[in-house]
Structure formats: structure tokens, C-alpha cells
Amino acid sequence: MNLDAQTSTIAFRAFSAPCSIAGTAAECVIDRNVEVYDENGQVIGKTTTADLLKADAGAAEYGDTLIVGDDTFTFGRKLADDGFIQRYEVHEQ
């Protein structure tokens, strides 16, 4: 593992919570009320995102279930992937 991967993983784990992706144990960070902007910089809505280590999110697919504590989410589209952490739009059930 290179230094960037170690740094990303350490920072991620400092804020992550245990979760389950389609029955597989993982760790994630949930961000609620993330503002979505249009091309003019205007807020056009809010969403909820889940950040997962790429190794944990490998099997995540659109429509899969993500369970964090007492909260259940459904995976939407993948928003970002920097090679270490993947960010998904999720919908609370």
C-alpha cells in the first residue's frame, strides 16, 4: 500500500462507522443534506451520500441495501472514485 492509500485509509477510518453492504461487513461515512449545485453554482437540491473504501465497496451495485446502525439506505449512482474511496448517492428507506 502506498503512502496516499495509507493516508486516505487512516483518515477514512477515523470517521467511519460499521455497516453492511448486501450482507457483507464494511465501514462507511454517511453525509446527509449534501448540497447539489448546477453549472451556475446555485443549490438545486440536497442528497445523502455514503463514502466507502474501494475494497469494501467492490460488490456494491445500484439498488443494493446499505445498513448503518438502525438506518437502511438503497444505493443510487456512484458519484466519485479516487482509487481509494468511492462515494455513492444513497436513499434512506
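Note that the structure is a prediction, hence the values are computed from the model and not measured.

A. Fine view of the sheet that holds strand β6 (residues 85-92). Pairing is antiparallel around the closed barrel formed by 6 strands, whose spatial order is β1-β2-β3-β6-β5-β4. Sheet twist, expressed as the mean angle between neighbouring strand axes with direction ignored, is 50°. By the bridge criterion, 2 bridges tie strand β1 (residues 17-21) to strand β4 (residues 65-68) in an arrangement that is antiparallel. Note that in β4 the partner of Ile21 across the bridge is Leu66.

B. Spotlight on the pattern of salt bridges. Across all of its chains, the model carries 6 salt bridges by this definition. For Glu92, the salt bridge goes to Arg32, with nearest N and O atoms at 3.3 Å. Taken together, the positions of Glu92 in strand β6 and Arg32 in strand β2 (residues 24-37) put the pair 60 residues apart, joining distant regions of the chain. Since its relative accessible area comes to 44%, Glu92 is described here as partly exposed.

C. Structural context of the environment of Thr47. Tracing the backbone shows Thr47 in strand β3 (residues 43-53). Note on Thr47: relative accessible area 12%, which makes it buried. Put simply, Thr47 and Asn33 are 14 residues apart on the chain and 5.4 Å apart in space, counted from C-alpha to C-alpha. What Thr47 contacts, discounting residues up to four positions off in sequence, is Asp31, Arg32, Asn33, Val34, Val36 and Glu89.

Rules used throughout
Residues numbered from 1 in each chain as written. Predicted model: local features only at pLDDT ≥ 70, side-chain atom pairs only at ≥ 80, totals over all residues. Heavy atoms only, no water. Pairing = 2+ DSSP bridges. Helix = DSSP H or I, 4+ residues; strand = E, 2+ residues; numbered from the N terminus. Axes fitted to C-alpha atoms, helices over the stretch in contact; angles between N-to-C directions. Salt bridge = Lys/Arg side-chain N within 4 Å of Asp/Glu carboxyl O. Buried < 20%, exposed > 50% of the residue type's maximum accessible area, 1.4 Å probe, protein only. Contact = heavy atoms within 4.5 Å.

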